[in-house]
Amino acid sequence: MPHSPEEKKKVLARVRRIRGQCDALDRALDAGAECGPVLQQIAAIRGAVNGLMSEVMEAHLREEFGHPAQSDAQRAERVRDMSALIRSYLK
């Protein structure tokens, strides 16, 4: 989750743009648009969601690893958590 007000504002703006893209896709499908433009819109939405995921993940990495771990156990837990997050992102 974005931790600063600036990051939060930026992420929320991205989410709203993605919502707009999804609404446009909904309208295109409802109107019976051609497959090419529909597929292009889906690809644009996928790219926007991937960009959002990347931005939030980067903020999380900075927050988690921006300061030293208090113990080896905490460091191992951080790495485990981040590995699980990256694994889920890559699915």
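Residues numbered from 1 in each chain as written. Predicted model: local features only at pLDDT ≥ 70, side-chain atom pairs only at ≥ 80, totals over all residues. Heavy atoms only, no water.

Draft legend 1. Layout of the packing of helix α1 (residues 5–30) against helix α2 (residues 35–65). Where α1 meets α2, the axes come as close as 10 Å, and the angle between the chain directions of the two elements is 165 degrees. One way to sum up the angle between α1 and α2 is to call them roughly antiparallel. Along this stretch, α1 crosses α2, giving a crossing that reads as left-handed. Partitioning the contact of α1 with α2 into residue classes produces 16 nonpolar, 3 polar and 5 charged. (Axes fitted to C-alpha atoms, helices over the stretch in contact; angles between N-to-C directions. Helix = DSSP H or I, 4+ residues; strand = E, 2+ residues; numbered from the N terminus. Parallel < 35°, antiparallel > 145°, perpendicular 65-115°, else oblique. Left-handed = near helix turned anticlockwise from the far one by under 90°. Nonpolar A, V, L, I, M, F, W, Y, C, P; charged D, E, K, R; others polar.)

Draft legend 2. Up close: a nonpolar patch on the surface. Together, Leu61, Phe65 and Val79 give the surface a local cluster of nonpolar side chains, amounting to about 230 Å² of exposed area. Counting through the fold element by element, Leu61 comes out in helix α2. Using a relative accessible area of 33% as the deciding quantity, one classes Leu61 as partly exposed. (Patch = residues over 30% accessible without salt bridge, like charges linked within 9 Å, V, L, I, M, F, W, Y side chains within 5 Å. Areas by Shrake-Rupley, 256 points an atom, 1.4 Å probe, with all protein chains shown as cover. Salt bridge = Lys/Arg side-chain N within 4 Å of Asp/Glu carboxyl O. Buried < 20%, exposed > 50% of the residue type's maximum accessible area, 1.4 Å probe, protein only.)

Draft legend 3. Representation of the side chain of Glu55. With respect to the helices, strands and loops of the structure, Glu55 is situated in helix α2. Its relative accessible area of 18% is what places Glu55 among the buried residues. Side chain to side chain, Glu55 and Arg14 meet in a polar contact 2.7 Å long. (Polar contact = N/O pair within 3.5 Å; in protein donor to acceptor, adjacent residues only side chain to side chain.)

Draft legend 4. Local environment of the confidence of the model for the chain. Summarising the model, the chain shows a mean pLDDT of 90, and 98% of its residues fall at 70 or more. Within the chain, the lowest mean pLDDT, 88, falls on helix α3 (residues 72–90), and the highest, 95, falls on α1. (pLDDT = per-residue confidence, 0-100.)

Draft legend 5. Geometry of the environment of Leu12. Here Leu12 shows up in helix α1. A sequence separation of 72 residues divides Leu12 from Ala84, and the C-alpha atoms of the two residues are 24 Å apart.

Draft legend 6. Fine view of α1. Given a rise of 1.5 Å per residue, 26 residues ought to cover 38 Å, and the 37 Å separating the end C-alpha atoms of α1 matches this to within 8%. Looking at the buried side of α1, the elements it contacts are α2. Count one or two residues on from α1 and you reach Gly32, which has phi positive near 75 degrees. (Expected span 1.5 Å × (residues − 1). Contact = heavy atoms within 4.5 Å.)

Draft legend 7. Structural context of the pattern of salt bridges. Overall, the coordinates contain 4 salt bridges when judged by the stated rule. A salt bridge links Glu7 to Arg62; its shortest N-O distance comes to 2.3 Å. Placement of the pair is Glu7 in helix α1 and Arg62 in helix α2, with a sequence separation of 55 residues. The exposure class assigned to Glu7 is partly exposed, which follows from its relative accessible area of 22%. Among the ionic pairs, Glu55 bridges to Arg14, the shortest N-O distance being 2.7 Å. A residue pair is termed long-range when its members are at least 10 positions apart, and Glu55 in helix α2 and Arg14 in helix α1 qualify at 41 residues. Owing to a relative accessible area of 24%, Arg14 belongs among the partly exposed residues under this scheme.

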